[in-house]
Amino acid sequence: MREIVFDTETTGLDPDVERVIEIGGVELWNHIPTGKSYHAFVRPAGRKVDPAAFDVHGLSDEFLADKPLFSEIAEEFLEFFSGAKLIAHNAAFDVRFLNAELKRIDQPPIDPSVVIDTLPMARRKFPMAPATLDALCSRFSVDTSRRDKHGALLDSELLAEVYIELIGGRQAALGLAVEEDAHEDADGNVWRIAPRPIPLAPRLSDAEIARHRAFVATLGEEAIWWRYLERPEVEAAVTA
């Protein structure tokens, strides 16, 4: 299953008049990052960056002045995003902005059935707890030291780690079995049962072991039990 975890930055909050100025996305295959990503800065034709938005992402009108228009990056954007599930945090915001840009160039909108929003996922998993991307990164110990401003690609990379944790953690993403001796306490700390310093004595009596050997002897030379009885360390485990 191919998924794209993505984010956008915009000139403001109203998709009817504001514009997308940055798009970032990272590819997952079966919930595992492939190392492929998409990133583009976009010149917002006829629109200035709102000061409040600038405080969030730090993208100025001067920086964006020589960047391509959305129509110029649309083909590459659609090629990367097509055919995948699309994951975003507060996805309605990003999808509304991208659909507004697609409408301006006479392209069909994003199919809502392929969109997964991690915000309601987090609220269901952790009721009454903060569900911002920063709060989730803190909860899952995702390193945010590179992040002093919001950025579409960096936030996509952080969200990809959060998303994997929300759907069950890295072991689930890699298809690994949960260790049977691993336990989690009420605070979420994982601990494991330590091995016994001295193994328990065998629970079978000498007479029972002798009867077992006599039974195995009736099965013939090809009996599978001989594979174990011929190895003292395994025999000890069998009789423990």
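What counts as what
- Counting restarts for each chain, with residues numbered from 1 along the sequence as it is written.
- Predicted model: local features are reported for residues with pLDDT of at least 70 only, side-chain atom pairs are reported and counted for 80 or more only, and whole-chain, interface and lining totals are derived from all residues.
- Side-chain numbers come from the whole structure's heavy atoms, not from hydrogens or water.
- Only DSSP runs of H or I covering at least 4 residues are called helices, and only runs of E covering at least 2 are called strands; the numbering of each starts at the N terminus.
- Only protein chains enter the area calculation, which uses a 1.4 Å probe; residues under 20% of their type maximum are buried, those over 50% are exposed, and those in between are partly exposed.
- What makes two residues a contact is simply this: any of their non-hydrogen atoms within 4.5 Å.
- Here, Shrake-Rupley sampling with a 1.4 Å probe gives the accessible areas, and only protein chains in the shown set may cover a residue.
- By definition, a salt bridge exists where a carboxyl oxygen of Asp or Glu is found within 4 Å of a side-chain nitrogen of Lys or Arg.
- Axis definition: a line fitted to C-alpha atoms, over the contacting stretch in the case of helices. Angles run 0 to 180 degrees between N-to-C directions.
- Any angle that falls under 35 degrees is termed roughly parallel, while one over 145 is termed roughly antiparallel, one within 65 to 115 roughly perpendicular, and all others oblique.
- What makes a crossing left-handed is the near helix being turned counterclockwise from the far one by less than a right angle; a clockwise turn instead makes it right-handed.
- Each residue is assigned to one class: nonpolar for Ala, Val, Leu, Ile, Met, Phe, Trp, Tyr, Cys and Pro, charged for Asp, Glu, Lys and Arg, and polar for all the others, Gly among them.
- Pairing of aromatic side chains requires ring centres within 6.5 Å, counting the rings of Phe and Tyr and the six-membered ring of Trp. Pairs whose planes differ by under 30 degrees are stacked, by over 60 edge-to-face, and all others tilted.
- Over a ring means this: the NZ of a Lys or the CZ of an Arg is within 6 Å of the ring centre and within 35 degrees of the ring normal.
- Only strands that DSSP links by at least two bridges are regarded as paired with each other.

**Student:** What is the right way to read the overall build of the protein from this model?
**Tutor:** Along the protein, the regular secondary structure elements total 11 helices and seven strands. Out of the 240 residues belonging to the protein, those deemed buried represent 37%. Partitioning the intrachain contacts of the protein with sequence separation of at least 6 by distance along the chain shows that 62% fall at a separation of at least 24. When the accessible surface of the protein is summed, it comes to about 14,700 Å², and 55% of that surface belongs to carbon and sulfur atoms.

**Student:** What am I meant to see in the pattern of salt bridges here?
**Tutor:** Side chains bearing opposite charge may pair, as long as their charged atoms lie close to each other. Going through the model one piece at a time under the given rule, you end up with six salt bridges. We note a salt bridge from arginine 47 to glutamate 18, for which the minimum N-O separation is 3.1 Å. One end of the pair, arginine 47, is in the loop between β3 (32–41) and α1 (51–57); the other, glutamate 18, is in the loop between β1 (2–10) and β2 (20–29), with 29 residues separating them in the sequence. We classify arginine 47 as partly exposed; its relative accessible area is 32%. For glutamate 101, the salt bridge is made with arginine 104, and the minimal N-O distance between the two is 3.4 Å. In this pair, glutamate 101 and arginine 104 are both assigned in helix α4 (residues 91–104), three residues apart and thus about one turn of the helix distant. Looking at arginine 104, the relative accessible area reads 35%, which means it is partly exposed. Overlapping salt bridges bring together Arg19, Glu101 and Arg104 as one network.

**Student:** Whenever I open this one, the packing of helix α3 (residues 70–81) against α4 confuses me. Can you help?
**Tutor:** To characterise two packed helices, one gives the angle between the axes of the helices and the distance between these axes. Two elements in contact, α3 and α4, have axes separated by 10 Å at closest approach and are oriented at 115°. Regarding the angle of α3 to α4, the classification is roughly perpendicular. Crossing of α3 against α4: the hand is left-handed. Between α3 and α4, the residues in contact are Phe70, Phe77 and Leu78 and Leu98, Glu101 and Leu102, respectively. Of the residues contributing to the contact of α3 with α4, the split by class is five nonpolar, no polar and one charged.

**Student:** What should I look at first to understand the packing of aromatic side chains in this one?
**Tutor:** Aromatic ring pairs are reported here in terms of the distance separating the ring centres and the angle at which the planes meet. Using the criterion set out here, one finds 10 aromatic pairs in the structure. Seen from their ring centres, tyrosine 38 and phenylalanine 77 are 6.2 Å apart, and the 55° between their planes marks the pair as tilted. Within this pair, whereas tyrosine 38 is found in strand β3, its partner phenylalanine 77 is found in helix α3, the two being separated by 39 residues in sequence. Phenylalanine 77 matches tyrosine 38 in its accessibility class, with the two residues each being buried. Measuring from ring centre to ring centre gives 4.5 Å for phenylalanine 77 and phenylalanine 81, while their planes differ by 45°; the resulting arrangement is tilted. Remark: phenylalanine 81 and phenylalanine 77 occur in helix α3; sequence separation between them is four residues, near one turn of the helix. Like phenylalanine 77, the residue phenylalanine 81 is buried in the burial classification. Among the aromatic side chains, those forming a connected cluster through ring pairs are Phe6, Tyr38, Phe70, Phe77, Phe80 and Phe81. Directly above the aromatic system of phenylalanine 63 lies the positively charged group of lysine 67, at a separation of 3.9 Å from the ring centroid. Seen from the ring of phenylalanine 126, arginine 139 lies directly overhead, with NZ or CZ sitting 3.8 Å from the centre.

**Student:** Before we go on, may I ask you to explain the sheet that holds β1 in this structure?
**Tutor:** Strand pairing in a sheet relies on backbone hydrogen bonds, with the paired strands running either antiparallel or parallel. Sheet architecture is open: five strands sit in the order β3-β2-β1-β4-β5, paired in mixed fashion. Bordering the open sheet on either side are β3 and β5 (115–117), each of which pairs with just one other strand. Averaged over all pairs of adjacent strands, the angle between strand axes in this sheet comes to 25°, irrespective of strand direction.

Such coordinate-based values are descriptive only and should not be taken to indicate function.
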